[in-house]
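# Residue-level structure breakdown
The chain contents come next:
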Amino acid sequence: MKTDIVVFGATGNLMYKKLLPAFASLVKKGHLNTDSRIVCVGRRPLSTEQYLELARSEVKVNVDWRLLSPFIQYFSMDLNQRKGYEMLAKNLKQNRAKKRIFYLAIAPELFGDVAQELNASNLVVKGNSLHKVGFEKPFGEDLASAKAINAMLWQYFEEKQIFRVDHYLGKEMIQNIMVMRFANRLFEQGWHHQAIEKVTIIAKESEGVMNRGGYYDSVGALKDMVQSHLLQMAALIAMEPPTSFDVEGIRDQKVEVIKKLRFDEKVILFGQYDGYKKEKNIDPKSITDTFVCLKATFDTTRWTGVPFYFITGKKLNTKVTEIIIDFKKGHHQDALYPDQALLSNRLIINVTPDEGVEFRMNIKRPGLSNKIRPVDMNRCYDCDLGGNSPEAYERIIVDLLEGNSTLFARWDEIESAWKLIDDVQKYRQIPYIYHSTDELKSTISLMDKEAVSYL
Ligand code: BG6
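Residues numbered from 1 in each chain as written. Predicted model: local features only at pLDDT ≥ 70, side-chain atom pairs only at ≥ 80, totals over all residues. Heavy atoms only, no water.

## Some remarks on the environment of Val 114
Relative to the assigned elements, Val 114 resides in helix α5 (residues 111–120). On the basis of relative accessibility, which here comes to 1%, the residue Val 114 falls in the buried class. As a C-alpha pair, Val 114 and Ser 453 span 339 residues in sequence and 45 Å in three-dimensional space. Excluding residues that lie within four positions of it along the chain, Val 114 makes contacts with Phe 8, Leu 79, Tyr 85, Leu 104 and Ile 106. (Helix = DSSP H or I, 4+ residues; strand = E, 2+ residues; numbered from the N terminus. Buried < 20%, exposed > 50% of the residue type's maximum accessible area, 1.4 Å probe, protein only. Contact = heavy atoms within 4.5 Å.)

Below, the structure written as structure tokens:
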């Protein structure tokens, strides 16, 4: 169906880094109707040609501009002025696309007002299932602000028109977590405290804040990454099997388990990389966290006593996101193999940049000796697709177009995540200034040695 996709925040970092490449790939794969448009809304007074020129210089990955450009139209407006919305409504009316998608890649404090204007100008008609609005994270800055935003959204739209984006849910390996758990008897049977020693959810980045200082300094690692991506991963790992695999069945279980998460106040470290305060658009006295390490447990029968470590940060030694499940030693392992250096089973879900799974098991060394050695069995997931598995944002956009809300967060998921984060905020310290990942490792291991196994 002919569709107008309207992106607010078209000259922002997310548009250049993720959304335009995702649109380009969707166009190439034929997922966008040829008569659809991508209306790029920004405040700067630019023509479409000028915008495309700017975008070409800002987008750093390979994009087929010849294919993408005909879909793009730039529209300049001030989000604080009603007139802009009226002009936009006129513009969309002329195009006569029945389906309208709005994607708000703007600061969350603007969500409520923009929602009001979209409604007032009939750009989005409450209850019209062909009109949908996507909200980029973070959804608020704490529980109170998130509640206020959500109340506004419910005033102007119906829940089925609201899509709260968490792009990690669009990643292949995150969608794979449930398959790993529930389509493999081996894991399904051993997915509990009797078999699992600890779980580590880690998202390391080597880059700093780059040109996102203005946004990042008001947020920090805890709110930027843990509140959304890390908690979503933890929920999928820890939730009980859903009674059905429909959207609400899965979300119900995720919410239930997030409510049971308790952080351990004795193992919390906030860090800030050395040099952060000198970055562009950062307060020279900033105490924003660019790193955080937390230990938590789920207060459920399944997870009694199993530590879950949450670690994320910028300017670390590498860029990698992984979920690591360390299993306990076998009951008879030490007695039967007293002199062998056996390791326990370990499952690693490689989320990014490589996608795949690794499983460590002990096997006999080949040959005449009876020695045993641990081996890691690797499954490179994106090798099947020639190293070209779809970007998370492609999936997010397609689901938004189709109105499939499985990979978007429901309000109560966001609400329970903010409750937890507000709780952790009570233990916020002045961040520890780190110069290297190794330095962080030794600092954290003084609190808890197990926390740093994968840092
Ligand atoms: C975003 C955060 O949501 O996720 C960024 O705002 C972070 O700070 C990014 O860099 C990481 O995403 P990915 O897909 O590159 O792991």
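Now that the structure has been shown, the text picks up again.
## Side note on the environment of Ala 409
Position of Ala 409 among the secondary structure elements: in strand β15 (residues 408–409). A relative accessible area of 5% means that Ala 409 is categorised as buried. As for Ala 409 and Arg 164, which are separated by 245 residues in sequence, their C-alpha atoms are 5.4 Å apart. Apart from the residues within four sequence positions on either side, Ala 409 is in contact with Arg 164, Gln 232, Arg 251 and Ile 414.

## Looking at the pairing of strand β5 (residues 131–135)
For β5, the buried fraction is high: five of the five residues fall into the buried class. In β5, alternate side chains face the same way, and those of His 131, Val 133 and Phe 135 on one face and Lys 132 and Gly 134 on the other are all buried. Here strand β4 (residues 99–104) pairs with β5 via five bridges, running parallel. Looking at the pairing, Arg 100 lines up with His 131 of β5. The parallel pair β4 and β5 is bridged by α5, and the resulting crossover is right-handed. In this sheet, strand β6 (residues 162–165) lies alongside β5 in parallel orientation, the contact comprising three bridges. Paired with Val 133 across the strands is Ile 162, a residue of β6. (Pairing = 2+ DSSP bridges. Right-handed = clockwise from strand over helix to strand, strands pointing away.)

## So, the site of the ligand
The full set close to the ligand counts 13 residues, and Tyr 168, Lys 171, Glu 205, Asp 224 and His 229 are the nearest of them. Calculation on the ligand without its partners gives an accessible area of 400 Å², and the protein chains cover 89% of this total. Ranked by residues supplied to the shell around the ligand, first place goes to helix α10 (residues 220–238) with three residues. (Near = heavy atom within 4 Å. Areas by Shrake-Rupley, 256 points an atom, 1.4 Å probe, with all protein chains shown as cover.)

## A word on the sheet that holds β4
Read from one edge to the other, the open sheet built from seven strands follows the order β3-β2-β1-β4-β5-β6-β15, with strand pairing classed as mixed. On the outer flanks of this sheet lie β3 (72–76) and β15, each paired with one strand and no other.

## A few points about the packing of helix α11 (residues 247–258) against helix α14 (residues 411–425)
Remark: α11 packs on α14, axes separated minimally by 9 Å, with the N-to-C direction vectors making an angle of 15°. Regarding the angle of α11 to α14, the classification is roughly parallel. Considering how the two elements wind past one another, α11 and α14 form a crossing that is left-handed. Contacts from Arg 251, Lys 254, Val 255 and Ile 258 in α11 reach Asp 412, Glu 413, Ser 416, Ala 417 and Leu 420 in α14. Looking at the contact of α11 with α14, its residues break down into four nonpolar, one polar and four charged. (Axes fitted to C-alpha atoms, helices over the stretch in contact; angles between N-to-C directions. Parallel < 35°, antiparallel > 145°, perpendicular 65-115°, else oblique. Left-handed = near helix turned anticlockwise from the far one by under 90°. Nonpolar A, V, L, I, M, F, W, Y, C, P; charged D, E, K, R; others polar.)

## Comments concerning helix α13 (residues 392–402)
Burial runs high along α13: nine of the 11 residues are buried. Within the span of α13, buried status applies to Ala 392, Tyr 393, Glu 394, Ile 396, Ile 397, Val 398, Asp 399, Leu 400 and Leu 401. At its buried positions, α13 is contacted by β1 (3–8), α1 (13–28), β4, β5, β6 and β15. Directly beyond the C-terminal end of α13, a positive phi value near 75° is found at Gly 403.

## What to know about the pattern of salt bridges
Inspection of the entire model under this criterion finds 27 salt bridges. One salt bridge in this structure joins Glu 248 and Arg 251, with 3.4 Å as the shortest N-O distance. Here Glu 248 and its partner Arg 251 are both found in helix α11, three residues apart, which amounts to about one turn of the helix. Across the pair Arg 428 and Asp 289 runs a salt bridge, and its minimum N-O distance is 3.0 Å. With Arg 428 in the loop between α14 and β16 (432–434) and Asp 289 in the loop between β8 (261–273) and β9 (291–298), the pair connects residues that are 139 residues apart, well separated along the chain. Bridged by salt links that share partners, the residues Glu 248, Arg 251, Asp 252, Lys 254, Arg 410, Asp 412 and Glu 413 form one connected network. (Salt bridge = Lys/Arg side-chain N within 4 Å of Asp/Glu carboxyl O.)

## Regarding a nonpolar patch on the surface
Taken together, the side chains of Met 361, Ile 363 and Met 377 make up a nonpolar region of the molecular surface, amounting to roughly 230 Å² of accessible area. Its location among the elements puts Ile 363 in strand β13 (residues 356–364). A relative accessible area of 33% means that Ile 363 is categorised as partly exposed. (Patch = residues over 30% accessible without salt bridge, like charges linked within 9 Å, V, L, I, M, F, W, Y side chains within 5 Å.)

## A few points about the pairing of β13
A regular strand places its side chains so that they alternate between the two faces of the sheet. For strand β12 (residues 346–352) and β13, the ladder comprises five bridges, and the chain directions are antiparallel. Across the sheet, residue Arg 346 finds its bridge partner in β13, namely Arg 360. Where β13 and strand β14 (residues 372–380) come together, nine bridges link them in antiparallel fashion. Following the sheet pairing, Asn 362 is matched in β14 by Pro 374.

## Some remarks on the environment of Gly 140
The residue Gly 140 is located in the loop between β5 and α6 (143–156) in this model. Judged by its relative accessible area of 5%, Gly 140 falls in the buried class. Separated by 31 residues in the primary sequence, Gly 140 and Glu 109 have C-alpha atoms spaced 6.9 Å apart. Setting aside its immediate chain neighbours within four residues, Gly 140 contacts Pro 108, Ser 145, Ala 146, Ile 149 and Trp 418.

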